[in-house]
Protein chains: 2
Amino acid sequence: MELSDRQLKIMQAIIKTYLETGEPVGSRTISKYSDLNLSSATIRNEMSDLEEMGYIVQPHTSAGRIPTDKGYRLYVDTMMEDKVQEVENMKSELMEKADKMETLFKSVAKLLANKTNYASMVSGPRYKSKKVKFIQLSEVDSNHLLTIVVLDGNVVKNQMIKIHEPVSSENVAKLNFVLNTALNGLDVSEVNIAVIQSIKSQVNEHGGIVDSVLEVIANALTEDDDFEVYTSGTTNILKYPELTDKDNIVDLLDTFEERTLITQWKESDVQNDGDENHAIQVYIGNETKLDSMKDCSLVTATYRIGDGVYGKIGIVGPKRMDYEKVVATLQSLMKELDDIFKEKN
Amino acid sequence: MELSDRQLKIMQAIIKTYLETGEPVGSRTISKYSDLNLSSATIRNEMSDLEEMGYIVQPHTSAGRIPTDKGYRLYVDTMMEDKVQEVENMKSELMEKADKMETLFKSVAKLLANKTNYASMVSGPRYKSKKVKFIQLSEVDSNHLLTIVVLDGNVVKNQMIKIHEPVSSENVAKLNFVLNTALNGLDVSEVNIAVIQSIKSQVNEHGGIVDSVLEVIANALTEDDDFEVYTSGTTNILKYPELTDKDNIVDLLDTFEERTLITQWKESDVQNDGDENHAIQVYIGNETKLDSMKDCSLVTATYRIGDGVYGKIGIVGPKRMDYEKVVATLQSLMKELDDIFKEKN
DNA sequence: GTTAGCACTCTAATTAAAAGAGTGCTAACA
DNA sequence: TGTTAGCACTCTTTTAATTAGAGTGCTAAC
């Protein structure tokens, strides 16, 4: 069942009005607001049809209509206008903070929350496959050995190991050589028993230390929980009364505190990228698959720092969020992030 | 004006009842509840006096009384009973997560929030004076040099430096030697122009790289914003209706998101420690100096990992929080943390 | 196909009344 | 002199009832 041209226009009028006011919108409002020049009675008839088709509902008899998820989906997919966001000084603001990835992501989150007035979530980068690029052991003092592992993409992991036996500096050098020769270029699946045996056979002393080091490396390669998530503007969602039911709000805030959304982000493979600019996706209400988010929408974008190194940025707001603005903001932000990552290499 | 014995008993009865119920408590309740065997009329007279002295107030005429900050203070300072907290398996729970400081603090925060049903905040360690213990430059690939700085207390900082000119491995070794010789044992105030000049004079090439490295080291020594704060159970405060005034709750949650409390933590020098177990301090209402916290109380404890390396743990709840339980929980937690830090050394 | 008009429905706001809790005060009592 | 019973009074909370408002659906006319 196709929607007529007029029905589309009415839908657009309903949604736009509702996005602004948050109140159910009635036939009379539309008949005045839009340039259709139709009486409220005509609008009423059309609205009745639109309701039957599932695009709008009444909260109760004798109230105006509000869009359903399906209605929002229609809007987002087919009638959203491309808004060009003034790019202004986001980039310069971010560059200041870009010396460390961590602070960069934190300020991205904060910036987005401020610009949009919704809540934001930024995930740190994940790595599709992690390979060892460089290993270094250093004797920090007689009791401590520092293990440094650099992975593909120049991710640095370090961990202090407590040692009970002193190690001579020649042995440290030897360990470094053996470890680098044996492990460089390998990913986790390639570090098997044979490789480990080979390392151990070349280092006849300090078996315990080798074990510790290998453990650190294994952690560096497998660990997924260093996958940080930065949030900001959580309280912005309290500004929207439709989200402020005592019961729901706790769940919603918990979803943020627990970073539950990332579960989903891991699942959603970044498959259909490349075709679109930055794979901006909109999840409306239950499309998020999270019960606590049933009255919210989530807009996500994927950034990529290098090959197979990517992360997600998300904005959470009420279903009646200003999708145009959010999408435009994300789009221009992504461009700037691209630049920043390029400069940082 | 000293309080009589009877007045103290009445205060205690009022506060204990109020802690449980959160409702203003009336004279009749006290006359039944407490073992004073006094009629409600007598209690009323005493209450009237206590109100005049500023220990309790009525929210309105014809309501019961609730404690003022002064009243709570009296309770916390002089009438709280030492509750011994069953220590059970907190430690074993924590040890699992203790391989990395970061995850340890995260789980401490979570554990506290769960155990107490209030919100918790844990600050990562700070260092009274930071000294360079060990420096290492490593050539990771032809474009990148990894700078590693280990500070006193085995805090590791690392940063990747992008280089434009290739550096020979002899030069890297030389740089390492010069830097370590010149800087080890120094704190930020001691790295002055003379030291820098001395380094530069010993390394005639790669002036740009030396600059970058010195910048990294300077950052490592001065940076204070890597002072992480972990929070948990923020939504627990929504369980207490007296904190749920729409206006105030946003400020309060923002205080958490922004980690505003740390400002205060920095100021409050850890001076009067050592005398008390773990310097557990209770801030009631406005004693926190934060307007958003005026209806809350904050209980903090100081942990110390080593000499001059310390951090804070805090619990935030309504003013009528179960101080005995919170203090006891913190106390036993601190003991366990001591053990954990000792083991980790 | 469009529109005016009207009865009907449901919510939200307003008002009124009643119930409840607790105090302060007075007067009596030990 | 300290304690207590009793009662009038105050203020909040709860409940109920009424009203006003918004918006629809339907019918009949254009």
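Computed from a prediction, not measured in an experiment: that's the story for all the values here.

1. Section: the overall build of chain A
- Across its full length, chain A holds 12 helices and 11 strands.
- A globule of 345 residues ought to have a C-alpha radius of gyration of about 20 Å, yet chain A, at 27 Å, is considerably larger.
- Considering only C-alpha atoms, chain A reaches an extent of 90 × 40 × 35 Å along its principal axes.
- A buried classification covers 52% of the 345 residues belonging to chain A.
- Pairs at least 24 apart in sequence give 63% of the contacts found in chain A among residues at least 6 apart.
- Accessible surface, chain A as shown: approximately 16100 Å² in total, 47% of it carbon and sulfur.
- When the 39 basic and 56 acidic side-chain charges of chain A are each reduced to a single mean position, those positions are 3 Å apart.

2. Regarding the side chain of Q136 of chain A
- Relative to the elements of secondary structure, Q136 of chain A occurs in strand β5 (residues 132–141).
- A relative accessible area of 12% means that Q136 of chain A is categorised as buried.
- A distance of 2.5 Å separates polar atoms of two side chains, one belonging to Q136 of chain A and the other to S138 of chain B.

3. Considering the nonpolar core
- Formed by 147 residues in total, the largest nonpolar core has its most connected members in I313 of chain A together with I313 of chain B.
- By size, the runner-up hydrophobic cluster in this structure holds 30 residues, among which are I161, L175, V178 and I199 of chain B.

4. Side note on the protein's contact with DNA strand C
- Around DNA strand C, a shell composed of 19 residues is seen, among which R6, T42, T61 and S62 of chain A together with S27 of chain B lie nearest.
- Sugar plus phosphate: this is where 71% of the atoms of DNA strand C within 4 Å of the protein reside.
- Between DNA strand C and the protein, one listed contact pairs a sugar or linking oxygen with a backbone N or O atom of S62 of chain B at 3.5 Å.
- Contributing elements (two or more residues each) for the surface near DNA strand C: α3 (40–52) of chain A together with α3 (40–53) of chain B.
- The biggest single contributor to the surface near DNA strand C is α3 of chain A, with 4 residues.

5. A look at the packing of aromatic side chains
Residues and elements named next belong to chain A.
- Throughout the structure, instances matching the rule amount to 12 aromatic pairs over all chains.
- Following the ring pairs from residue to residue traces out a cluster consisting of F105, Y230, Y303 and F341.
- Here K70 stacks its cationic end above the ring of Y55, 4.6 Å away from the centre of that ring.

6. With respect to the domain arrangement of chain A
Residue and element names in this part refer to chain A.
- We note that the domain assignment places domain 1 (5–79), domain 2 (91–125 + 227–344) and domain 3 (132–222) within chain A.
- The C-alpha centroid of domain 2 is placed 29 Å from the C-alpha centroid of domain 1.
- Facing 11 residues of domain 1, the contacting portion of domain 2 comprises 11 residues.
- Connecting domain 1 to domain 2 are 2 salt bridges.
- A salt bridge links R73 to E287; the shortest N-O distance between them is 2.5 Å.
- Here domain 1 is connected to domain 2 by 6 residue pairs in polar contact (both at pLDDT 80 or more).

7. Quick word on helix α1 (residues 5–21) of chain A
- Over its 17 residues, α1 of chain A runs 24 Å from end to end, which matches the ideal 24 Å to within 8%, given 1.5 Å per residue.
- At the exit of α1 of chain A stands G22 of chain A, carrying a positive phi of roughly 75°.

8. Points about the protein's contact with DNA strand D
- Looking at DNA strand D, there are 19 residues lining it, with S27 of chain A together with R6, T42, T61 and S62 of chain B nearest.
- Protein-proximal atoms of DNA strand D, defined as those within 4 Å of the protein, fall in sugar or phosphate at a share of 73%.
- A distance of 3.1 Å is found between a phosphate oxygen of DNA strand D and a backbone nitrogen or oxygen belonging to S39 of chain B.
- Between DNA strand D and the protein, one listed contact pairs a phosphate oxygen with a side-chain N or O atom of T42 of chain B at 2.5 Å.
- Sorting elements by how many residues they give to the surface near DNA strand D places α3 of chain B first, with 4 residues.
- Its residues assigned to classes, the surface near DNA strand D shows 4 nonpolar, 11 polar and 4 charged.

9. With respect to the interface of chain A and chain B
- The interface is formed by 40 residues belonging to chain A together with 40 residues belonging to chain B.
- Across the chain A to chain B interface the summed buried area is about 3300 Å²; carbon plus sulfur atoms make up 50%.
- Applying the counting criterion to the chain A and chain B interface returns 6 salt bridges.
- Across the salt bridge formed by K133 of chain A and D141 of chain B, the nearest N and O atoms sit 2.8 Å from each other.
- The tally of links between chain A and chain B comes to 14 residue pairs in polar contact (both at pLDDT 80 or more).
- Residue assignment for the side of chain A that touches chain B shows that the elements contributing at least two residues are α6 (101–116), β5, β6 (144–151), β7 (155–162), α10 (246–257) and α12 (323–344) of chain A.
- Ranked by residue count, the leading element in the side of chain A that touches chain B is β5 of chain A, at 7 residues.

10. So, helix α6 (residues 101–116) of chain B
Residues and elements named next belong to chain B.
- Here α6 spans 22 Å end to end across 16 residues, near enough to the 22 Å set by a 1.5 Å rise per residue.
- Looking only at α6, the buried set comprises L104, F105, S107, V108, A109, L111, L112, A113 and T116.
- Where α6 is buried, its residues touch α5 (90–96), β3 (119–123), β8 (229–232), β10 (296–306), β11 (309–318) and α12 (323–344).
- At the C-terminal side of α6, N117 shows a positive phi close to 70°.

11. Description of the relation of the copies chain A and chain B
- Overlay of chain A on chain B (RMSD 0.1 Å): rotation 180°, translation along the axis 0.0 Å. What we have between these two chains is a two-fold relation.
- Comparing interface residues between copies, 100% of those in chain A also lie at the interface in chain B; the contact surface is shared.

12. Details of the packing of α1 of chain A against α3 of chain A
All names here are of chain A.
- Relative orientation of the contacting elements α1 and α3 amounts to 90°, with a least axis distance of 10 Å. Between α1 and α3, the angle is such that the two are roughly perpendicular. Between α1, through R6, Q7, I10, M11 and I14, and α3, the contact on the second element is made entirely by T42, I43, E46, M47, D49 and L50.
- Across the contact of α1 with α3, the residue classes tally to 6 nonpolar, 2 polar and 3 charged.

13. Some thoughts on the sheet that holds strand β5 (residues 132–141) of chain B
Residues and elements named next belong to chain B.
- Taking strand neighbours across the sheet as the criterion, the 3 strands line up as β5-β6-β7 in an open arrangement whose pairing is antiparallel. Two strands in the sheet have a free side with no partner beyond their single neighbour: β5 and β7 (155–162). The average undirected angle you get between the axes of adjacent strands in this sheet is 20°.
- The sheet contact formed by β5 and strand β6 (residues 144–151) spans 8 bridges and is antiparallel. Residue E139 lies in a different strand from β6, and its bridge partner there is L145.
- Most of the contacts of helix α9 (residues 207–222) go to β6, to which it runs at about 35°, and overall it touches β5, β6 and β7.

About the criteria used
- Residues numbered from 1 in each chain as written.
- Chains lettered and ligands numbered in written order.
- Predicted model: local features only at pLDDT ≥ 70, side-chain atom pairs only at ≥ 80, totals over all residues.
- Heavy atoms only, no water.
- Helix = DSSP H or I, 4+ residues; strand = E, 2+ residues; numbered from the N terminus.
- Rg over C-alpha atoms; globule rule 2.2 N^0.38 Å.
- Buried < 20%, exposed > 50% of the residue type's maximum accessible area, 1.4 Å probe, protein only.
- Contact = heavy atoms within 4.5 Å.
- Areas by Shrake-Rupley, 256 points an atom, 1.4 Å probe, with all protein chains shown as cover.
- Lys, Arg positive; Asp, Glu negative; His and termini not counted.
- Charge placed at Lys NZ, Arg CZ, Asp CG, Glu CD.
- Polar contact = N/O pair within 3.5 Å; in protein donor to acceptor, adjacent residues only side chain to side chain.
- Core = buried A, V, L, I, M, F, W, Y, C linked by side-chain atoms within 4.5 Å.
- Near = heavy atom within 4 Å.
- Phe/Tyr/Trp six-rings, centres within 6.5 Å; stacked < 30°, edge-to-face > 60°.
- Lys NZ or Arg CZ within 6 Å of the ring centre and 35° of its normal.
- Domains from an automatic or database assignment.
- Salt bridge = Lys/Arg side-chain N within 4 Å of Asp/Glu carboxyl O.
- Expected span 1.5 Å × (residues − 1).
- Nonpolar A, V, L, I, M, F, W, Y, C, P; charged D, E, K, R; others polar.
- Buried area = accessible area lost by both parts, 1.4 Å probe.
- Least-squares fit on C-alpha atoms with pLDDT ≥ 70 in both.
- Axes fitted to C-alpha atoms, helices over the stretch in contact; angles between N-to-C directions.
- Parallel < 35°, antiparallel > 145°, perpendicular 65-115°, else oblique.
- Pairing = 2+ DSSP bridges.

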